[in-house]
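Residues per chain are reported as follows:
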Amino acid sequence: MHTHSSIRTLDELKEFLHGAMQLEHATIPPYLTALYSIMPNVNQDAAQILRVIVVEEMLHLTIAANVLNAIGGTPDLTRPDFVASYPAYLPDGETDFEVGIQAFGREALATFLKIERPAARSEHLKAQSPLIHRKSSQHKTVLGSHPRNKDLHFYSIGEFYAAIVEGIKELEEKAKREGQTIFTGDRSRQITSEYYYSGGGELFPVFDLKSALDALELIIEQGEGDGGGIYDDDEHELAHYYRFEELVKGRYYLKGDKPGHPTGPPLQIDWDGAYPIKPNLKVAEISDGSELREATVAFNHRYGEFLALLTRAYNGQPNLLLEAVPVMFEFRNMMLELIRNPLPGHPGLNGSPTYEIGKNTADPYAAHRAEAAA
Amino acid sequence: MSDRIETFLGLSVELTAFSRFDLLATGLAERYLGTLDKVVGGDTTNTLLAAFAALPPPGDGTRARALRATILGSELLGDVARSLIKLWYSGTWFELPYAWTQRFGAKPADATFVVSPDAYVEGLLWKAIGAHPAGAKAPGYGSWAYPPKIPAFPASDTKADAVSVHLQNVGIMS
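Because the structure is a prediction, the values reported are computed rather than measured.

S.K.: Can you break down the overall build of chain A residue by residue, with the values?
M.R.: For chain A, the helix and strand inventory stands at 11 helices and five strands. Across the 374 residues that make up chain A, the buried fraction comes to 55%. Taking all contacts inside chain A whose residues are at least 6 apart in sequence as the whole, residues at least 24 apart take part in 67%.

Now the structure itself:
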């Protein structure tokens, strides 16, 4: 069996788990933006599906933080590069594909399907290293790359997570041989269900090998499904890939359906029922001094504050997650307002959240960077 | 956007004291202009927009007074403008007063009605009082533990004009 792991030290594992948090978070802005681009009173099926999925991505982010905490790490969502620069890139076999901020529509759905079903390669190719060397521009956010070398890409997100699973197993095995464990984290730092209501799945504490593997399994299963099945085994829940596929096919899946052939009730999609936001908008493209620009910067600033709040919640103050709930609803309102405003100088296009965190405002992370550099 | 909708937005900013961004953020500007056209007719709507366009420029000390005299104080336009304010704040068109219909004739579409389900949700009154419309835009579990967020009082020149209009209106009514 192939046991080649790219992860050799605990510090490396921590960086990989930070990478996993970054990756899970990176899906949230595209999904949320598509969700809130939907016009009132239309596309209710699509809105419901997007909402369920984005909530599960938030769960995945929290699960990754739990695993990182379990091995004595300190989750930090305020790192300057934590929020992807959009369009960001995800590995798709030999190439990357773009993940951007855009309105709900066919193009957005095609991207979402790719996010949720990473490329698979045939068995004999799996014996090769999961890492592929591919030169990336310095300014690109390449998700699922090696934390120490942005030019080393995993073949797929599935293989990125497989490397983490292997790394955890190997490092724990090695520690056990020396009478130790890698699961030295303070149990009180774990985020559990009492801090996380209606969160799209169970949130359990991670404190040993089994709970860590269960946690990672949940992330992988909810995304791409379990071994090609459309429903996951325990929850009877449709994997994200197939939820998005329902929208493309215009029909719901039923139990027992074969992948690609939903036989449930039809659902209505109005492909024009979304505000025409300018894809991957940046603050710099919005007229200086306009109210839209001011509101866009205000949103980014608030989002940065929110990530700082999450960081505190993930570092021993889980009760702060309850405080984070109203902030998320506040985002919704702020995003809706940006998306409904026409973009000055771009007839037919609307504004959008830009998710440029820590830019265009008084830099809230300058202190952090100074500390890191010291 | 057309000049007509721009003028309508400019008028609405001064009537409601909310910013152009806030008004566009409701997603209802064009529908509200359409509501005016439908209820009082394109001619009266155009008269209202023209009266607004003819005001002294912003920053001119006489602008607020002129707005009060030529729009809010106008027999034809005053009640329409007041119904427009109520429309922005509540999402509901309120039927024009009896005196207005006696003077200018009843309009078939002039009844009290909610413009659309989202018009109720996007009423400016919710934002003005830092609350959310009952049954929509829920602010999240536990949000009741925090004080309401009231938007900052408008500060820019044009907005200050709008505020002074309101204060003078209070004076008229007392």
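S.K.: Tell me about the pairing of strand β5 (residues 149-154) of chain A, residues and numbers included.
M.R.: Every regular strand shows the same layout, with side chains that alternate between the two sheet faces. Residue and element names in this part refer to chain A. Alignment of strand β3 (residues 131-133) against β5, held across three bridges, turns out to be antiparallel. When the sheet's bridge partners are listed, leucine 131 is paired in β5 with phenylalanine 154. As paired elements, strand β4 (residues 145-146) and β5 share two bridges and run antiparallel to each other. Along β5, the bridge assignment pairs histidine 146 with asparagine 149. Between the antiparallel neighbours β4 and β5 lie two residues.

S.K.: Describe the interface of chain B and chain A, and please don't skip the residues or the numbers.
M.R.: Each partner contributes residues to the interface: chain B has 22 residues there, and chain A has 22 residues. Of the roughly 1,600 Å² buried between chain B and chain A on both sides combined, carbon and sulfur atoms contribute 54%. If you look at where chain B meets chain A, you find three salt bridges. Inspection of the region where chain B meets chain A yields 10 residue pairs in polar contact (both at pLDDT 80 or more). Looking at the side of chain B that touches chain A, the element that brings in the most residues is helix α2 (residues 20-25) of chain B, giving five residues. Class assignment of the residues belonging to the side of chain B that touches chain A gives a composition of nine nonpolar, five polar and eight charged.

S.K.: Before we move on, can you summarise the nonpolar core with the specific residues and values?
M.R.: Among soluble globular proteins, nonpolar side chains are generally buried collectively. Ranked by size, the top nonpolar core spans 111 residues in total, and within it Phe104 and Ile164 of chain A carry the most contacts. It is helix α3 (residues 44-70) of chain A that contributes the most residues to this core, 15 residues altogether. Ignoring anything within four residues of it in the chain, the contact list for phenylalanine 104 of chain A reads Ala34, Ser37, Ile38, Asn43, Ala46, Leu50, Leu109, Leu247, Ile269, Trp271 and Ala274 of chain A. Formed by 38 residues, the second largest nonpolar core is a distinct cluster that contains Tyr32, Val39, Leu72 and Ala81 of chain B.

S.K.: Please provide a residue-by-residue account of unusual backbone geometry, values included.
M.R.: Residue proline 87 of chain A follows tyrosine 86 of chain A across a cis peptide bond; omega there is 0°. Residue position: proline 87 of chain A is located in the loop between α3 and β1 (88-92). Not every positive phi belongs to a glycine, and asparagine 41 of chain A is a case in point at roughly 70°. Position of asparagine 41 of chain A among the secondary structure elements: in the loop between α2 (28-37) and α3. For asparagine 41 of chain A, a relative accessible area of 47% translates into the label partly exposed. A positive phi angle, near 70°, is found at alanine 17 of chain B, a position not held by glycine. Its place among the elements puts alanine 17 of chain B in the loop between α1 (3-16) and α2. Under the relative-accessibility criterion, alanine 17 of chain B is labelled buried at 17%.

S.K.: Lay out the sheet that holds β4 of chain A in plain terms, naming residues and giving numbers.
M.R.: Strands sit in the order β3-β5-β4 (chain A) across an open sheet of three strands; the sheet is antiparallel. Edge strands, defined here as strands with exactly one partner in the open sheet, are β3 and β4 of chain A.

S.K.: Mind laying out helix α6 (residues 77-90) of chain B, listing which residues take part and the relevant values?
M.R.: Residues and elements named next belong to chain B. For α6, which comprises 14 residues, the first-to-last C-alpha distance of 20 Å matches the rise-based estimate of 20 Å (1.5 Å per residue) to within 8%. When you tally the buried positions in α6, you get 11 out of 14 residues, the bulk of the element. Restricting attention to buried positions, one finds in α6 the residues Leu77, Gly78, Asp79, Val80, Ala81, Ser83, Leu84, Ile85, Leu87, Trp88 and Ser90. Backbone geometry just downstream of α6 places glycine 91 in the positive-phi region, at approximately 75°.

S.K.: Would you mind going over the side chain of serine 116 of chain B in detail, with residue names and values included?
M.R.: Residue and element names in this part refer to chain B. You can see serine 116 is positioned in the loop between β2 (113-114) and α8 (117-121). For serine 116, a relative accessible area of 10% translates into the label buried. Those residues within four positions of serine 116 in sequence are excluded, and the remaining contacts are Leu28 and Arg31.

Cut-offs and rules
- Residues take numbers from 1 onward in each chain, read along the sequence in its written order.
- The order in which chains are written sets their letters, starting at A; the order in which ligands are written sets their numbers, starting at 1.
- It should be noted that, the model being predicted, local features are given only for residues of pLDDT at least 70 and side-chain atom pairs only at 80 or more, the latter also being counted only at that level, while totals for whole chains, interfaces and linings use all residues.
- To get the side-chain values, all heavy atoms of the structure are used, and hydrogens and water are removed first.
- Only DSSP runs of H or I with at least four residues qualify as helices, and only runs of E with at least two residues qualify as strands; both kinds are numbered from the N terminus onward.
- In this scheme, a residue with accessible area under 20% of its type's maximum is buried, one over 50% is exposed, and one in between is partly exposed, where area comes from a 1.4 Å probe on protein chains only.
- A contact between two residues is defined here by any heavy atoms of the two lying within 4.5 Å.
- Strands qualify as paired when DSSP identifies two bridges or more between them.
- Put simply, buried area is how much 1.4 Å-probe accessible surface two parts lose in total, over both of them, once they are put together.
- We define a salt bridge as a side-chain nitrogen of Lys or Arg found within 4 Å of a carboxyl oxygen belonging to Asp or Glu.
- Whenever a nitrogen or oxygen atom comes within 3.5 Å of another N or O atom, the pair is scored as a polar contact, on the condition that within protein one atom can donate a hydrogen and the other can accept it, and that pairs from neighbouring residues in sequence are kept only if both atoms are in side chains.
- Note on residue classes: Ala, Val, Leu, Ile, Met, Phe, Trp, Tyr, Cys and Pro are nonpolar, Asp, Glu, Lys and Arg are charged, and everything else, Gly too, is polar.
- Only buried residues count toward a nonpolar core, which is a set of Ala, Val, Leu, Ile, Met, Phe, Trp, Tyr and Cys residues joined through side-chain atoms within 4.5 Å.
- Multiply 1.5 Å by the residue count of a helix minus one, and that product is the helix's expected span.

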